[in-house]
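Spelled out, the chains give:
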Amino acid sequence: MMTEKNIYLPYLMTVEKITQEAPGVKTLRLKFKDEEDEKNFSFKAGQFAEYSAFGEGECTFCIASSPTRKGYVECTFREAGRVTSALAKLEEGDTMGFRGPYGNTFPIDEWKGKNLLFIAGGIALPPMRCVIWNALDTRENFKDISILYGAKSVADLVYKHELKEWDEMPDVKLVTTVDPGGETPDWKGEVGFVPSVLEKMNPSPENTIAIVCGPPVMIKFTFPVLEKLGFKSENIYTTLENRMKCGVGKCGRCNVGNKYVCKDGPVFSKVELESLPAEY
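Residues numbered from 1 in each chain as written. Predicted model: local features only at pLDDT ≥ 70, side-chain atom pairs only at ≥ 80, totals over all residues. Heavy atoms only, no water.

1. What to know about the packing of aromatic side chains
This structure, assessed with the given rule, holds 14 aromatic pairs. Through a chain of ring-to-ring contacts, the aromatic side chains of Tyr11, Phe32, Phe41, Phe43, Tyr51, Phe61, Phe77 and Phe98 assemble into a single cluster. The ring of Trp133 has Arg69 sitting right over it, with the charged end atom 4.3 Å from the ring centre. Lying over the aromatic face of Tyr159, Arg129 brings its terminal NZ or CZ to 4.5 Å of the ring centre. (Phe/Tyr/Trp six-rings, centres within 6.5 Å; stacked < 30°, edge-to-face > 60°. Lys NZ or Arg CZ within 6 Å of the ring centre and 35° of its normal.)

Structure (structure tokens):
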């Protein structure tokens, strides 16, 4: 008789590769220690997981790698507290915990035949990176793909090597921007806040899905620009990750109105957000 897996028991993972993305920001590539676990594991773009530094606790982040890339999962995080500091001290070859996947997903199958517009700010590119690579690895399913990504400064841009890769793709339009004062003498991108650069880009809403990910203030000012450009609420998606703790709807920390972000999200359409209490 098969026993059901304990939802609180993490997979044991080996830290296979560490990439320093920006000051205080790292990407960990994790490989399953157990081959059977690796074979049976699957997830979809938009889902998140709990990452544990043994003896210190666990943190909630999105899975930053794409489900089209097999054999590993990746997470990107900023060192901010006790657990993230412990994760940042790990070295290649060390063991850590991973449990998931949790949450809902981006409805990428429903977007086939559409244009995709990705809008990300700062450390919010990781959840977007998962669905961007998913779309690029199945490029034949989509029409135009545009990416707008902004950060406070050039140093704060994450995935710099991948931004270069996307920029060189003939079938991808990439626009990068930094806040005024965050540019360097050799900066070739835009200078300005994401909402104003989006308005300048003037993307067509025709047959286009917009995926927005960033700090709450960025999302707050980006949504009205999309509305002004003619995007309908049902064609705008975002992912909410702040407040999540346990991942399985038990602790109540991420409860908003009648929703739990960890169970009903973290992916929401703008239509769904409009039904949530205004304080979110």
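Structure shown, so let's carry the discussion forward.
2. Quick look at the sheet that holds strand E8 (residues 145-151)
Pairing in this open sheet of seven strands is mixed, and the strands run E10-E9-E8-E7-E11-E12-E15 from one edge to the other. Strands with a single pairing partner mark the edges of an open sheet, and in this sheet they are strand E10 (190-191) and strand E15 (267-269). The sheet contact formed by strand E7 (residues 115-121) and strand E11 (residues 208-213) spans six bridges and is parallel. Across the sheet, Phe118 pairs through a bridge with Ile211, a residue of E11. Where helix H4 (residues 160-168) meets the sheet, its contacts fall on E8 and strand E9 (172-178), and the angle it forms with E9 comes to roughly 135 degrees. Where helix H6 (residues 216-229) meets the sheet, its contacts fall on E7, E11 and strand E12 (236-239), and the angle it forms with E11 comes to roughly 160 degrees. (Pairing = 2+ DSSP bridges. Helix = DSSP H or I, 4+ residues; strand = E, 2+ residues; numbered from the N terminus. Contact = heavy atoms within 4.5 Å. Axes fitted to C-alpha atoms, helices over the stretch in contact; angles between N-to-C directions.)

3. Here's the deal with the nonpolar core
Core analysis: the biggest nonpolar cluster contains 63 residues, and Tyr51, Phe98, Trp111, Leu125 and Trp166 have the highest contact counts within it. If you tally residues by element for this core, the top one is helix H3 (residues 125-137), at eight residues. Beyond its immediate sequence surroundings of up to four residues, Trp166 is in contact with Leu125, Ile132, Trp133, Leu136, Ile147, Val172 and Leu174. Counting residues in each nonpolar core, the second largest holds 21 residues, with Val175, Val194, Ile219 and Phe223 among its members. (Core = buried A, V, L, I, M, F, W, Y, C linked by side-chain atoms within 4.5 Å. Buried < 20%, exposed > 50% of the residue type's maximum accessible area, 1.4 Å probe, protein only.)

4. Re the packing of helix H5 (residues 194-201) against H6
With their axes 8 Å apart at the nearest point, H5 and H6 run at an angle of 15 degrees to one another. Here H5 lies roughly parallel to H6, going by the angle between them. Helix-helix and strand crossings are classified by hand; for H5 and H6 the assignment is right-handed. Where H5 abuts H6, its residues Val194, Pro195, Leu198 and Glu199 lie against Met218, Phe221, Thr222, Val225, Leu226, Lys228 and Leu229. Here the residues of the contact of H5 with H6 sort into eight nonpolar, one polar and two charged. (Parallel < 35°, antiparallel > 145°, perpendicular 65-115°, else oblique. Left-handed = near helix turned anticlockwise from the far one by under 90°. Nonpolar A, V, L, I, M, F, W, Y, C, P; charged D, E, K, R; others polar.)

5. Side note on the pattern of salt bridges
Scanning all chains against the criterion turns up 13 salt bridges. Among the salt bridges present, the one from Arg82 reaches Glu56, with a minimum N-O distance of 3.4 Å. Placement of Arg82 in helix H2 (residues 82-88) and of Glu56 in the loop between strand E3 (48-53) and strand E4 (57-62) is noted, with a sequence separation of 26 residues between them. With a relative accessible area of 59%, Arg82 lands in the exposed category. Lys228 is paired through a salt bridge with Glu199; the nearest N and O atoms lie 2.4 Å apart. (Salt bridge = Lys/Arg side-chain N within 4 Å of Asp/Glu carboxyl O.)

6. Quick notes on unusual backbone geometry
Leaving glycine out, the prevailing phi sign among residues is negative, and the prevailing peptide bond configuration is trans. At the junction of Gly100 and Pro101, the peptide bond is cis and its omega measures out at 5 degrees in the coordinates. Residue Asn202 is not a glycine yet carries a positive backbone phi of 55 degrees. When you line up the elements, Asn202 lands in the loop between H5 and E11. The backbone of Asn207 sits at a positive phi, close to 55 degrees, despite the residue not being glycine. Mapped onto the fold, Asn207 is located in the loop between H5 and E11. Judged by its relative accessible area of 31%, Asn207 falls in the partly exposed class.

7. Some thoughts on H6
For H6, spanning 14 residues, the distance from its first C-alpha to its last is 20 Å, which sits close to the expected 20 Å at 1.5 Å a residue. By the burial criterion, the buried members of H6 are Met218, Ile219, Thr222, Phe223, Val225, Leu226 and Leu229. Looking at the buried side of H6, the elements it contacts are E7, H5, E11, E12 and helix H8 (270-273). Just downstream of H6, Gly230 is the residue with a positive phi angle, here 105 degrees. (Expected span 1.5 Å × (residues − 1).)

8. So, the environment of Glu227
Relative to the assigned elements, Glu227 resides in helix H6. Remark: the alpha-carbon pair of Glu227 and Pro205, spanning 22 residues in sequence, is separated by 9.4 Å.

9. Considering the sheet that holds strand E1 (residues 11-22)
An order of E4-E3-E6-E1-E2-E5 is seen for the six strands of this open sheet, with the pairing classed as antiparallel. The open sheet is flanked by E4 and strand E5 (73-78), the only strands paired with a single partner. Adjacent strand axes in the sheet meet at a mean angle of 40 degrees, parallel and antiparallel pairs treated alike. Sheet topology note: the E1/strand E2 (residues 25-32) ladder contains eight bridges and is antiparallel. Paired with Lys17 across the two strands is Arg29, which belongs to E2.

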